[in-house]
Amino acid sequence: MQPFQFSQATTVDTAIKAQTAGQGRFLAGGTNLIDMMKLDVERPSSLIDINDLKLSAITPTPDGGLLLGALSRNSDVAHHPTVQRDYPVLSQAILSGASPQLRNMASTAGNLLQRTRCVYFRDTAFPCNKREHGSGCSAIDGFNRSLAILGTSKDCIATNPSDQNVALTALEATIHIQGSSGKRDVPIHNFYVLPGSAPHIETVLQPGDLITGVTLPPPRVGVRSVYLKLRDREAYEFALASAAVQLGTEGNRITFARVALGGVGTRPWRSVEAERALEGRTVDLATFRHAAAEAVRDAHPQSENAFKVDLAQRCIVRALTLATNSA
Ligand SMILES: Cc1cc2nc3c(=O)[nH]c(=O)nc-3n(C[C@H](O)[C@H](O)[C@H](O)COP(=O)(O)OP(=O)(O)OC[C@H]3O[C@@H](n4cnc5c(N)ncnc54)[C@H](O)[C@@H]3O)c2cc1C
Ligand code: SF4
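A few points on the structure. Given the structure is predicted, the values throughout are model-derived calculations rather than measurements.

Here we take up the packing of helix 11 (residues 285–295) against helix 12 (residues 307–323). Where helix 11 contacts helix 12, the two axes come as close as 9 Å, and the packing angle between them is 140 degrees. One way to sum up the angle between helix 11 and helix 12 is to call them oblique. Here the hand of the crossing between helix 11 and helix 12 comes out right-handed. Of the residues in helix 12, those touching helix 11 at Leu285, Phe288, Arg289, Ala292, Ala293 and Ala295 are Gln313, Ile316, Val317, Leu320 and Thr321.

Have a look at this one:
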């Protein structure tokens, strides 16, 4: 057996080389990866500490957007004045998650890649296709109250647990990646892959790929955004259903809509169906209810989570109501 390796990368290139060389993992805040290692769910041959890389800055982009360095801490992003003013949905989403101590450690990239909270994934005593491809899914006939109703497959129904990622999806963020074959930019809606028959593959990242940052597009004038998270208790809990919405109106007409859902999808769930049902329509409860119904039209609930079909709709309607001040 190879001895476990630990290294500290001082440049992006050395980090990429070190990770491409074996079954290593980048270590950012460690709040998810170290948990996974303690549970014996992740068994990397090496850890490459990337905290010395110069990727913590939050900087304006020339076109009026905002670049979040991969290592920018969740607390710094949530409390950044530009984020609070121009992207409140992101600040609200981050602050709704975890605890202040965890947010001080957690990084933008680490949050993008946090693993599911499905109890069977985290317990090696049970079969789990995501942890061990082809072993089976314990959740489909088991405890699945907190799991997904959208984007599921017969091999996995696990939710993406992040709040940040739902807001980034509604904001149409772009993820910057650097790997052994160069740099590329991936829109967040193309970054996560559906579980299908290979739930162990969660993103388009390849071995050696390092996330260097995330860009938010310039804020749209007059558009309001809101994040609403519904959960079993008010603090320290993951979403049963959440909604991130961006809404622009002219008079009583909706001119622009972006809707993303958390807690119900196998990836941060953008609902173009809901967006289509909103744009061009009048601001009223009937419009919101119709959009919410469209968002869950293809829902596939399991034995214990059918309540999420209704909960997700209520969450969308309430978030839209808050975004239009029409409560
Ligand atoms: C008790 C508890 C409660 C929580 N509650 C919530 C909650 O309510 N909502 C929520 O959204 N989250 C919650 N979280 C999750 C938390 O947000 C994540 O643990 C955190 O965001 C992970 O970030 P990190 O920097 O610590 O990642 P790490 O643990 O360091 O890394 C996570 C993964 O990302 C990879 N990685 C890190 N950086 C890069 C990079 N630059 N390029 C490529 N790969 C990279 C690592 O290799 C690893 O696979 C909770 C966590 C805990 C422990
Ligand atoms: S839902 Fe996915 S993560 Fe959970 S046991 Fe099934 S395969 Fe594993």
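Under the defined criterion, the tally for this structure stands at 2 aromatic pairs. Geometrically, the ring pair formed by tyrosine 120 and phenylalanine 126 is edge-to-face, given 5.1 Å between the ring centres and 70 degrees between the ring planes. Judged by relative accessible area, which is 12%, tyrosine 120 ranks as buried. Judged by centre distance (5.0 Å) and plane angle (85 degrees), the rings of phenylalanine 191 and tyrosine 192 are edge-to-face. The pair phenylalanine 191 / tyrosine 192 is uniform in exposure class, with both members buried.

The subject of this paragraph is the site of ligand 1. Surveying the vicinity of ligand 1 reveals 32 residues, the closest of which are Phe26, Thr31, Leu33, Ser107 and Asp163. Interatomic distance of 2.9 Å between a backbone N/O atom of asparagine 32 and an oxygen atom of ligand 1. Between isoleucine 211 and ligand 1, the recorded distance is 2.9 Å, taken from a backbone N or O atom to a nitrogen atom. Contact with the protein chains covers 93% of the free accessible surface of ligand 1, which is 980 Å². Elements with a minimum of two residues in the shell around ligand 1: strand 2 (24–27), helix 2 (33–38), helix 7 (108–112) and strand 8 (210–216). For the shell around ligand 1, the element with the highest residue contribution is helix 7, accounting for 3 residues. Considering only residue class, the shell around ligand 1 consists of 15 nonpolar, 11 polar and 6 charged.

Let us now look at helix 1 (residues 12–20). Within helix 1, the full set of buried residues consists of Val12, Ala15, Ile16 and Gln19. For helix 1, the angular spread of buried residues about the axis comes to 95 degrees, placing them on one side. Of the surrounding secondary structure, the elements contacted by the buried residues of helix 1 are strand 2, strand 3 (46–49), strand 6 (174–179) and strand 8.

A few words now on unusual backbone geometry. Located in the positive-phi region is alanine 98, a residue other than glycine, with phi close to 55 degrees. Mapped onto the elements, alanine 98 comes out in the loop between helix 5 (88–95) and helix 6 (100–105). Residue glutamate 172 is not a glycine yet carries a positive backbone phi of 60 degrees. With respect to the helices and strands, the residue glutamate 172 is situated in the loop between helix 8 (164–170) and strand 6.

Our focus in this paragraph is the pairing of strand 2. Taken together, the 4 bridges between strand 2 and strand 3 define a ladder with parallel strand orientation. Of the residues in strand 3, the one forming a bridge with glycine 24 is serine 46. Following the backbone out of strand 2, through helix 2 and into the adjacent parallel strand 3, one traces a crossover that is right-handed.

What follows concerns the sheet that holds strand 7 (residues 182–187). If you trace the 5 strands from one edge of the open sheet to the other, you get 4-5-8-6-7, paired in antiparallel fashion. If you trace the sheet from one side to the other, it starts and ends with strand 4 (58–60) and strand 7, each paired once. Taking the axes of each pair of neighbouring strands and ignoring which way they run, one obtains an average angle of 25 degrees across the sheet. As defined by bridge partners, strand 6 adjoins strand 8 across 5 bridges and the pair is classed as antiparallel. Across the sheet, threonine 174 pairs through a bridge with threonine 215, a residue of strand 8.

With that out of the way, let us pick up the nonpolar core. Residues Ile50, Leu53, Leu90 and Leu216 are the most contacted members of the largest nonpolar core, which totals 44 residues. Excluding residues within four positions of it along the chain, isoleucine 50 makes contact with Ala15, Phe26, Leu27, Ala28, Leu71 and Leu210. One finds Ala241, Ala277, Ala299 and Val317 within the second-largest nonpolar core, a separate group that totals 31 residues.

Bringing the pairing of strand 5 (residues 66–69) into the picture now. Looking at chain direction, strand 4 and strand 5 are connected through 3 bridges and run antiparallel. When the sheet's bridge partners are listed, isoleucine 58 is paired in strand 5 with leucine 68. Once strand 4 ends, the chain turns through 5 residues before running back antiparallel as strand 5, passing glycine 64 with a positive phi of about 100 degrees. Pairing between strand 5 and strand 8: 4 bridges, direction antiparallel. Residue pairing across strands places leucine 66 opposite leucine 216, the latter belonging to strand 8.

Cut-offs and rules
Residues numbered from 1 in each chain as written. Chains lettered and ligands numbered in written order. Predicted model: local features only at pLDDT ≥ 70, side-chain atom pairs only at ≥ 80, totals over all residues. Heavy atoms only, no water. Axes fitted to C-alpha atoms, helices over the stretch in contact; angles between N-to-C directions. Helix = DSSP H or I, 4+ residues; strand = E, 2+ residues; numbered from the N terminus. Parallel < 35°, antiparallel > 145°, perpendicular 65-115°, else oblique. Left-handed = near helix turned anticlockwise from the far one by under 90°. Contact = heavy atoms within 4.5 Å. Phe/Tyr/Trp six-rings, centres within 6.5 Å; stacked < 30°, edge-to-face > 60°. Buried < 20%, exposed > 50% of the residue type's maximum accessible area, 1.4 Å probe, protein only. Near = heavy atom within 4 Å. Polar contact = N/O pair within 3.5 Å; in protein donor to acceptor, adjacent residues only side chain to side chain. Areas by Shrake-Rupley, 256 points an atom, 1.4 Å probe, with all protein chains shown as cover. Nonpolar A, V, L, I, M, F, W, Y, C, P; charged D, E, K, R; others polar. Arc of directions from axis to C-beta. Pairing = 2+ DSSP bridges. Right-handed = clockwise from strand over helix to strand, strands pointing away. Core = buried A, V, L, I, M, F, W, Y, C linked by side-chain atoms within 4.5 Å.

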